[in-house]
Amino acid sequence: NITIILFNLDGIQCKRHIFKCNKTETKMETIHIGYDDTISLLSWQKAVDALRVGHLFPKAEIADIFLGPKAATLLNRAAYIEGLGYGVKAVTVVADNPKKGLPTVQGAMMVYEPESGKLKAIIDSRLITEVKTASDSILGAQLLARPKSKRLLILGAGTVAESLIRAYSSTFLGLEQIAIWSRKPEQAKSLIDRTGRTKIELIVADDLEKFASEADIISTATMAYEPILMGEWISPGTHIDLIGAFKADMREVNDNLITCGTIYVDSRDTTINHIGELMIPIAAGIINEKDIKGDFYDLISMNHSARTSENEITIFKNGGGAH
């Protein structure tokens with residue numbers, strides 16, 4: 001037998017896997033990687049580092065499927081990466097679930113071995129939603145935002161917003177304040193209460209225009225279909241991290257904002273062709289594909305920062321790519 005034991009950061013055993021072997025082959029069960037058993041083992045910076053290293057592998061082959069009504073979508077995203085294998089994320093995104101005490105996003109990711117195609121692992125989608133999504137944004141911010149950023153504004157007060165608080169707090173050590181804005185201020189306060197005490201000041205953003213004009217980094221994680229963040233509010237040097245819009249009819253920022261900065265994306269293949277944040281202004285002639293200066297494959301291959309000046313506004317679209 002081969003026994004693998006997982007410990008949390010306090011040295012307490014939290015999970016044990018036993019694999020049966022014989023002389024000629026190793027038979028490994030499909031592993032279920034659950035949220036509660038895994039989240040305490042997480043290092044945000046190591047997760048970001050792993051994502052960075054992943055972009056040194058061959059480019060992912062990707063395909064998507066969207067099914068169902070506007071407010072209750074089944075999203076399947078599949079990927080193949082040479083040398084790593086196959087992955088399929090299958091989740092439902094139901095906008096009204098929080099009213100019922102349920103998560104907006106539910107589902108799992110399945111990982112398959114590259115040679116035999118055997119199902120290797122099933123990963124709770126909550127881990128993917130929180131860890132991968134936030135790591136995507138942190139990597140974008142580390143590559144594009146001003147290193148000495150002090151003020152972060154987060155739009156949204158759901159699961160992704162909570163993970164952004166923890167991720168940014170762990171990786172941007174110069175942050176002094178994180179402000180949370182929500183259409184319902186009580187939801188922002190509830191998120192702050194759930195987060196508990198941190199070294200960084202957590203406050204409710206009661207005036208979106210004011211806080212947006214003062215922020216060094218703005219991260220949007222909403223379910224908005226119409227722009228809620230305006231370019232007229234943004235100060236020189238701000239880094240804009242766009243997460244929420246994931247379908248062709250969704251937007252979080254207006255045309256003024258999308259044209260006032262230098263645009264980058266996590267993956268060209270998963271943002272330009274089906275996400276409204278870029279599709280709508282491209283179709284209207286506000287911007288064109290050449291205005292998107294690069295993705296992670298381009299940024300990580302550089303041996304210098306992509307930011308050209310302290311006053312440059314950088315815009316990063318986190319499309320949650322299967323890359």
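Below is a summary of the structure that appears in this document. (Residues numbered from 1 in each chain as written. Predicted model: local features only at pLDDT ≥ 70, side-chain atom pairs only at ≥ 80, totals over all residues. Heavy atoms only, no water.)

## A word on the sheet that holds strand β5 (residues 61-67)
Put simply, the rule is: Strands were regarded as paired on the criterion that DSSP finds at least two bridges between them. In DSSP terms, a helix is any run of H or I states spanning at least four residues, a strand is any run of E spanning at least two, and both are numbered starting from the N terminus. Between N-to-C directions, angles span 0 to 180 degrees; the directions come from axes that are lines fitted to C-alpha atoms, helices contributing only their stretch in contact. Two residues qualify as a contact provided that any one of their heavy atoms is within 4.5 Å of a heavy atom in the partner residue.
One open sheet accounts for 6 strands, arranged β4-β9-β8-β7-β6-β5; its pairing is mixed. What marks the edges here is a single partner per strand, and that holds for β4 (31-33) and β5. Neighbour-to-neighbour, the strand axes of the sheet open up by a mean angle of 15°, direction not taken into account. For strand β6 (residues 72-81) and strand β7 (residues 85-94), the ladder comprises 10 bridges, and the chain directions are antiparallel. If you follow L74 over to β7, its bridge partner there is T92. With respect to the sheet, helix α3 (residues 125-144) is in contact with β4, β7, β8 (105-112) and β9 (119-124), its orientation differing from that of β9 by roughly 70°.

## Some remarks on the packing of helix α4 (residues 159-171) against helix α5 (residues 185-195)
We count it as follows: Between 65 and 115 degrees an angle is taken as roughly perpendicular, under 35 as roughly parallel, over 145 as roughly antiparallel, and anywhere else as oblique. What makes a crossing left-handed is the near helix being turned counterclockwise from the far one by less than a right angle; a clockwise turn instead makes it right-handed. Three categories are distinguished: nonpolar for Ala, Val, Leu, Ile, Met, Phe, Trp, Tyr, Cys and Pro, charged for Asp, Glu, Lys and Arg, and polar for the others, with Gly belonging to the last.
Their axes nearest at 11 Å, the elements α4 and α5 cross at an angle of 50°. Considering their axes alone, α4 and α5 lie oblique with respect to each other. In this structure, α4 crosses over α5, and the sense of that crossing is right-handed. Residues A161, E162, I165 and R166 of α4 form the contact with α5, whose own contacting residues are L191, R194 and T195. Of the residues assigned to the contact of α4 with α5, the class counts are 3 nonpolar, 1 polar and 3 charged.

## Quick notes on the side chain of T129
In plain terms, the rule: Any residue under 20% of the maximum accessible area for its type is buried, any over 50% is exposed, and the rest in between are partly exposed; the area is computed with a 1.4 Å probe on protein chains only.
For T129, the position within the fold is in helix α3. Judged by relative accessible area, T129 falls into the buried class, the value being 15%. Excluding residues that lie within four positions of it along the chain, T129 makes contacts with V105, A134 and V160.

## Description of helix α2 (residues 44-54)
Convention followed: To be clear, the arc concerns the directions from the helix axis to the C-beta atoms.
Listing the buried residues of α2 in full gives W44, A47, V48, L51 and G54. The buried residues of α2 occupy an angular sector of 120° when projected down its axis, which confines them to one face.

## Some details on the packing of aromatic side chains
This is how it is decided: Geometry of aromatic contacts follows a simple scheme: Phe, Tyr and Trp rings, the Trp one being its six-membered ring, pair when their centres are within 6.5 Å, and the pair is stacked under 30 degrees between planes, edge-to-face over 60, tilted otherwise. In this analysis the charged atom, NZ for Lys or CZ for Arg, is taken to sit over a ring once it is within 6 Å of the ring centre and within 35 degrees of the ring normal.
Inspection of every chain in the model, using the stated rule, returns 3 aromatic pairs. Ring geometry for Y80 against Y86: centres 4.8 Å apart, planes inclined by 35°, an arrangement best described as tilted. Where F296 meets F316, the ring centres are 5.2 Å apart and the plane angle is 35°; that geometry is what we call tilted. Remark: F316 occurs in strand β17 (residues 314-317) and F296 occurs in helix α10 (residues 296-301); sequence separation between them is 20 residues. Of the residues examined, F316 reaches a relative accessible area of 0% and is grouped as buried. A cation over a ring is seen here: K70 above Y225, with NZ or CZ 4.4 Å from the ring centre. Positioned above the aromatic ring of F211, the side-chain terminus of K210 is 4.7 Å from the ring centre.

## Side note on the sheet that holds strand β13 (residues 217-220)
Taken in spatial order, the 8 strands of this open sheet run β12-β11-β10-β13-β14-β17-β15-β16, and their pairing is parallel. Whereas interior strands pair on both sides, the edge strands pair on one side only; in this sheet they are β12 (201-204) and β16 (292-294). Averaged over all neighbouring strand pairs, the angle between strand axes comes to 25°, with direction disregarded. Strand direction decides the pairing type here: β13 and strand β14 (residues 239-242), joined by 4 bridges, are parallel. Looking at β14, one finds that I217 is bridged to H239. Running at roughly 155° to β17, α3 makes contact with β14, β15 (262-265) and β17 of the sheet.

## Comments concerning the side chain of H274
Mapped onto the fold, H274 is located in the loop between α8 (268-271) and α9 (276-283). Looking at H274, the relative accessible area reads 14%, which means it is buried. With residues near it in sequence (within four places) discarded, H274 still touches D64, F66, R77, F246, K247, A248 and M279.

## Observations concerning a negative patch on the surface
Counted only if it meets this: Any residue with relative accessible area above 30% and no salt bridge may belong to a patch, with like charges joined within 9 Å and the nonpolar Val, Leu, Ile, Met, Phe, Trp and Tyr side chains within 5 Å. Computed with a 1.4 Å probe, the accessible areas rest on the Shrake-Rupley method; for each residue, only the protein chains presented here act as cover. Salt bridge, as used here, is a side-chain nitrogen of Lys or Arg placed within 4 Å of a carboxyl oxygen of Asp or Glu. A positive count includes Lys and Arg, and a negative count includes Asp and Glu. His and the chain ends are not counted in either. Charge coordinates come from a single atom per side chain, which is NZ of Lys, CZ of Arg, CG of Asp or CD of Glu.
Taken together, the side chains of D206, D207, E209 and E232 present a region of like negative charge at the surface. By the secondary structure assignment, D207 is in the loop between β12 and α6 (208-214). In this structure D207 comes out as partly exposed when scored by relative accessible area, which is 35%.

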